[in-house]
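A look at the structure
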Amino acid sequence: MHPLEELEAAYQEARRDPAFLAELEDLLTNYAGRPTPLTHARRLGQHLGGAQVYLKREDLLHTGAHKINNCLGQGLLAKRMGKTRLVAETGAGQHGVATATVAALLGMECVVYMGSEDMARQSPNVFRMRMLGSKVVPVDSGTKTLKDAINEGMRDWVTNVQNTHYLMGSALGPHPYPMIVRDFQKIIGEETRRQMLKVAGRLPDMLCACVGGGSNSIGLFYDFIPNLSVKMVGVEAGGRSLRLGEHAARFAGGRPGVLHGAYTYVLQTEDGLISNTHSVSAGLDYAAVGPEHSALYRQGRVEYTHVSDAEALAAAQQLCKLEGIIPALESSHALAEVAKRAPRMSPDQIIVVNLSGRGDKDLGIFQSAGVL
Amino acid sequence: MPSRSTTRIDACFRDLRAKQAKGLIVYLTAGDPTLDATGELLAALDRAGADIIELGVPFSDPLADGPVIQRASERALRSGTTLHKILDRFPKWRESVSTPIILFSYYNPILQFGLNDFAATAAAVGADGALVVDLSPEESDTYTQVMRAHHLDTVFLGAPTSSDARLKHAAEISSGFFYLISRAGVTGERSEIASSVQPLVERARRFTSLPLAVGFGISTAAQVREVETWADAAVVGSAVVHAIEKRYPLEGPAAIEQFVRTLKAGPVG
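Below: a short report on this structure. Keep in mind that what you see is a predicted model, and the values were worked out from it rather than measured. (Residues numbered from 1 in each chain as written. Chains lettered and ligands numbered in written order. Predicted model: local features only at pLDDT ≥ 70, side-chain atom pairs only at ≥ 80, totals over all residues. Heavy atoms only, no water.)

**Let's talk about the pairing of strand 10 (residues 262–266) of chain A**
Put simply, side chains in a regular strand alternate between the two faces of the sheet. Residues and elements named next belong to chain A. Burial analysis of strand 10 places four of its five residues in the buried class, which makes it a mostly covered element. Two elements, strand 9 (residues 255–259) and strand 10, share five bridges in a ladder whose sense is antiparallel. Pairing of Arg255 across the sheet is with Val266, part of strand 10. Linking strand 9 to strand 10, which pair antiparallel, is a turn of two residues; within it His260 sits at a positive phi near 55 degrees. (Buried < 20%, exposed > 50% of the residue type's maximum accessible area, 1.4 Å probe, protein only. Helix = DSSP H or I, 4+ residues; strand = E, 2+ residues; numbered from the N terminus. Pairing = 2+ DSSP bridges.)

Structure, rendered in structure tokens:
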């Protein structure tokens with residue numbers, strides 16, 4: 001608990017420090033590659049036959065996903081706190097790669113915990129982390145996926161807190177993490193607003209993003225929450241079916257509970273044990289959702305839905321063929337939902353999808369799914 | 001805190017003080033490897049002279065625990081152990097065990113049970129209190145009130161990294177005893193007791209007159225004797241669970257009884 005107090009105090013100080021903010025902005029611009037483009041997906045829109053579809057291209061950032069936004073912010077914060085070592089969890093490996101990257105850039109030691117099942121299905125990212133000088137520790141406990149990696153990361157952190165920062169990759173866990181991660185990701189929505197006003201002269205009608213822990217989605221949504229004309233749709237992993245253990249759709253099959261220090265919607269048994277989850281996409285394969293999403297769900301401000309493994313795989317193929325972009329399987333969940341909604345909208349309406357990551361890491365999964 | 005009646009744990013420490021003795025608190029995971037075994041083991045710990053027993057409720061994600069208790073939790077879950085089943089068995093265990101027992105749990109199983117139902121049931125079946133390892137003092141007002149209403153003790157943790165303000169608050173909402181963890185980190189056996197613990201005990205004394213127990217990393221009789229020189233009780237967890245893992249399947253409860261007897265009375269060295 002003390003480490004959380006220390007972190008919050010340091011963060012509150014840093015976010016008001018112009019030098020900290022200037023250093024972060026410089027890295028986001030000249031290292032990560034911000035602002036990211038807003039691509040008008042014309043052929044996809046024509047094919048779907050309805051609303052115009054724009055892609056917020058977080059896949060074009062250094063390391064290939066939105067995760068770097070948060071890692072640069074927390075990395076600088078850790079350094080400012082005098083920490084010399086970063087630990088992180090990773091599911092798909094995108095956050096692990098981004099953390100390993102920032103650790104190398106800032107000259108810090110880095111240990112990434114990754115479920116052994118995830119290491120097998122996202123092996124390219126394991127190699128990338130090792131290339132970058134990080135230690136990747138396989139986690140064999142529990143379900144061998146993201147939640148178990150978080151358990152190990154937190155155990156490491158509380159044991160080594162004097163020199164170690166836990167670099168949480170999503171908008172979950174105990175306060176202040178959901179707030180810090182959201183603040184470092186909200187640049188996605190802020191840029192989208194400026195870009196949309198420039199190209200269309202108005203705000204979009206709908207925002208759509210996948211929701212695992214919920215960092216790319218809260219990053220896109222946050223700036224638009226007060227604009228009630230903008231509908232927001234969060235897409236969870238429907239997996240193989242909606243039977244407990246076969247999916248990661250917390251709002252469809254979960255109920256409020258506590259996991260990793262957050263009170264939020266959790267997939268669990270009647271006895272309060274955390275359930276197994278499944279998704280074709282490792283980055284969405286987690287039993288709890290970031291607590292701010294639970295609040296937005298209860299307020300009715302964001303609509304949460306889910307698409308299946310098969311629908312996500314099909315949406316990924318569609319984007320490859322129509323737009324020449326290989327999306328991450330996580331982001332493909334949002335694309336699959338857009339494929340359902342765009343045809344029901346008119347051509348003068350606009351949907352922005354967060355293309356939160358690129359799909360190179362998923363080629364092995366496409367191959368085993370018989371797509372390649 | 002409103003005044004409260006004397007609990008079994010209060011009486012336990014009062015008796016220890018009268019004898020100028022220190023307490024031994026022993027942890028085991030309920031359902032490790034089965035609930036039948038837990039019945040036998042509780043009786044064995046009682047015979048061996050454990051002063052208080054912490055009975056762990058197995059959880060799928062035991063964040064605060066090291067590998068030994070994680071494995072115990074997995075064995076218990078494999079045998080189908082749940083909080084409901086533990087409380088169902090409790091009256092039977094109470095027939096042969098008079099030692100105070102506190103439930104050591106993560107918060108979610110209690111939350112899903114229903115906080116009021118949990119407290120009412122725990123009190124009715126003869127449990128003496130609870131330690132909820134992932135419930136922070138700041139979030140615990142309702143929990144503490146409900147537990148108090150059922151005359152159950154609430155034990156919270158203080159750590160070497162806790163600020164004075166935090167330590168004071170955690171001590172104030174504790175009852176029965178205050179649990180100090182010897183070092184930051186997770187449960188598990190260690191060859192030496194951290195040097196941070198003695199100053200922590202001295203700091204905690206300034207804020208509370210509750211008995212002070214020290215745990216996390218205490219695994220031998222010699223370490224128990226060392227802790228007893230400055231605290232009121234020592235907690236041994238992983239070492240007992242380790243003994244259950246290694247010896248119970250072949251040697252039964254007698255081996256664990258013997259081990260705890262050594263912890264209780266064994267010589268230094």
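From this point, the discussion proceeds with the structure in view.
**Considerations on the sheet that holds strand 1 (residues 38–40) of chain A**
All names here are of chain A. One open sheet holds the six strands; their spatial order is 1-2-12-7-8-11, and the pairing between them is mixed. Single-partner strands in this sheet number two, and they are strand 1 and strand 11 (302–308). Neighbour to neighbour, the strand axes of the sheet diverge by 25 degrees on average, direction disregarded. Note: strand 7 (residues 206–210) against strand 12 (residues 350–354), three bridges, orientation parallel. Opposite Cys208, over in strand 12, you have Val353 as the bridge partner. (Axes fitted to C-alpha atoms, helices over the stretch in contact; angles between N-to-C directions.)

**Structural notes on the pattern of salt bridges**
Throughout the structure, instances matching the rule amount to 46 salt bridges over all chains. Residue Asp205 of chain A pairs with Arg202 of chain A through a salt bridge whose shortest N-O separation is 3.0 Å. Given a relative accessible area of 30%, Arg202 of chain A falls into the partly exposed group. Note that Asp32 of chain B is salt-bridged to Arg75 of chain B, the shortest N-O span being 2.6 Å. Note that Asp32 of chain B is positioned in the loop between strand 1 (23–29) and helix 2 (35–48) and Arg75 of chain B in helix 3 (residues 67–78), a separation of 43 residues in sequence. You can call Arg75 of chain B buried: its relative accessible area is 16%. Bridged by salt links that share partners, the residues Arg34, Lys56, Glu58 and Glu191 of chain A form one connected network. (Salt bridge = Lys/Arg side-chain N within 4 Å of Asp/Glu carboxyl O.)

**Re the interface of chain B and chain A**
Residue-level contacts link 26 residues of chain B with 27 residues of chain A. Both faces combined, the contact of chain B with chain A buries some 2000 Å², and carbon together with sulfur accounts for 54% of it. For chain B, the biggest contributors to the area lost against chain A are Asp61, Leu63 and Gln112 of chain B; these three give 28% of the whole. The shortest N-O distance in the salt bridge between Asp61 of chain B and Lys147 of chain A comes to 3.0 Å. On inspection of chain B and its partner chain A, the count reaches 17 residue pairs in polar contact (both at pLDDT 80 or more). Breaking the side of chain B that touches chain A down by element, the ones donating at least two residues are helix 3 and helix 5 (107–113) of chain B. Considering only residue class, the side of chain B that touches chain A consists of ten nonpolar, ten polar and six charged. (Contact = heavy atoms within 4.5 Å. Buried area = accessible area lost by both parts, 1.4 Å probe. Polar contact = N/O pair within 3.5 Å; in protein donor to acceptor, adjacent residues only side chain to side chain. Nonpolar A, V, L, I, M, F, W, Y, C, P; charged D, E, K, R; others polar.)

**Digging into the packing of aromatic side chains**
Residue and element names in this part refer to chain A. This model, assessed by the stated rule, comprises 16 aromatic pairs over all chains. Between Trp157 and Tyr166, the aromatic rings sit 6.0 Å apart at their centres with planes inclined by 40 degrees, giving tilted as the arrangement. Neither residue differs from the other here; Trp157 and Tyr166 are each classed as buried. When the ring centre of Phe224 is taken as reference, the NZ or CZ atom of Arg193 above it lies at 4.9 Å. (Phe/Tyr/Trp six-rings, centres within 6.5 Å; stacked < 30°, edge-to-face > 60°. Lys NZ or Arg CZ within 6 Å of the ring centre and 35° of its normal.)

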